[in-house]
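Read off the chains here:
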Amino acid sequence: MNWDFGGETEVVNAVWLGTASGDFANPNNWSTLKVPDDHTRVFVFAREGESKSVTASTAISMRDLVLESRPFGKVTFKASKSMSVVENFDVGTNTTVYLDDPAGNRVGGNVVMRSGALMTHTELSSSATTLADASYKLNLSVDGDMTLAKGAVINVSAKGYPL
């Protein structure tokens, strides 16, 4: 008897360099020189005193997403369109995540937000008069567990929702 598992695809680690721009979709910003996909573990690290900013203006998908800053470092990650993380999403200290797609974002595994992490969405336009007009909404589905450490924050206050 022979076993054929359909050609498993190797999982690749990609580290954000950000040397070309802040655009997630630019392959020159990644250590792999390829834009991450479902088979990529994504790492964005900021060293002490360093700021890293990543903006995804198209739908993105990856295996895992790890965002982390050292003391006095800062990571900002902004997904304007849907984001899909196949397994786990780790939001580290001194990290701000903007999830702006009202259609939603999905994590197939667990989300961990560490102390000093912030998850939010971009402030709404002053022209939004009803919730249906809102062009940005924090919409996240988590299939596993969601853990918020003491000092982690999910904040949508003062973001322009009409009352």
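Model, not experiment: these values are computed from the prediction.

(A) Quick look at the overall build of the protein chain. Regarding its fold elements, the protein chain presents 0 helices and 15 strands. In the protein chain, which comprises 163 residues, the proportion classed as buried is 35%. Residue pairs in contact within the protein chain that sit at least 24 positions apart in sequence constitute 47% of those at least 6 positions apart. Counting every atom, the protein chain has about 8,900 Å² of accessible surface; 51% of that belongs to carbon and sulfur.

(B) Up close: the environment of Asn105. Here Asn105 is to be found in strand 10 (residues 105-107). Judged by its relative accessible area of 2%, Asn105 falls in the buried class. In the structure, Asn105 is positioned 45 residues away from Ile60 in sequence and 9.7 Å away in space, judged by C-alpha atoms. Those residues in contact with Asn105 that lie beyond four places of it in its chain are Lys81, Ser82, Met83, Leu99, Asn139, Leu140 and Ser141. Separated by 2.9 Å, the side chain of Asn105 and the backbone nitrogen of Met83 make a polar contact.

(C) Inspection of the sheet that holds strand 13 (residues 140-142) at higher detail. As summarised here, the arrangement of the 4 strands in space is 4-7-10-13, forming an open sheet in which the pairing is parallel. Each of the sheet's edge strands pairs with one partner strand only, and the pair in question is strand 4 (60-62) and strand 13. When the angles between neighbouring strand axes are averaged without regard to direction, this sheet yields 10°. Taken together, the 3 bridges between strand 10 and strand 13 define a ladder with parallel strand orientation.

(D) Highlighting the packing of aromatic side chains. One pass over the structure, following the stated rule, counts 4 aromatic pairs. In this structure an aromatic cluster arises from ring pairing among Trp16, Phe24, Trp30 and Phe77. Here the basic side chain of Lys78 rests over the ring of Tyr98, its NZ or CZ set 5.9 Å away from the ring centre.

Reading the values: the criteria
Residues numbered from 1 in each chain as written. Predicted model: local features only at pLDDT ≥ 70, side-chain atom pairs only at ≥ 80, totals over all residues. Heavy atoms only, no water. Helix = DSSP H or I, 4+ residues; strand = E, 2+ residues; numbered from the N terminus. Buried < 20%, exposed > 50% of the residue type's maximum accessible area, 1.4 Å probe, protein only. Contact = heavy atoms within 4.5 Å. Areas by Shrake-Rupley, 256 points an atom, 1.4 Å probe, with all protein chains shown as cover. Polar contact = N/O pair within 3.5 Å; in protein donor to acceptor, adjacent residues only side chain to side chain. Pairing = 2+ DSSP bridges. Axes fitted to C-alpha atoms, helices over the stretch in contact; angles between N-to-C directions. Phe/Tyr/Trp six-rings, centres within 6.5 Å; stacked < 30°, edge-to-face > 60°. Lys NZ or Arg CZ within 6 Å of the ring centre and 35° of its normal.

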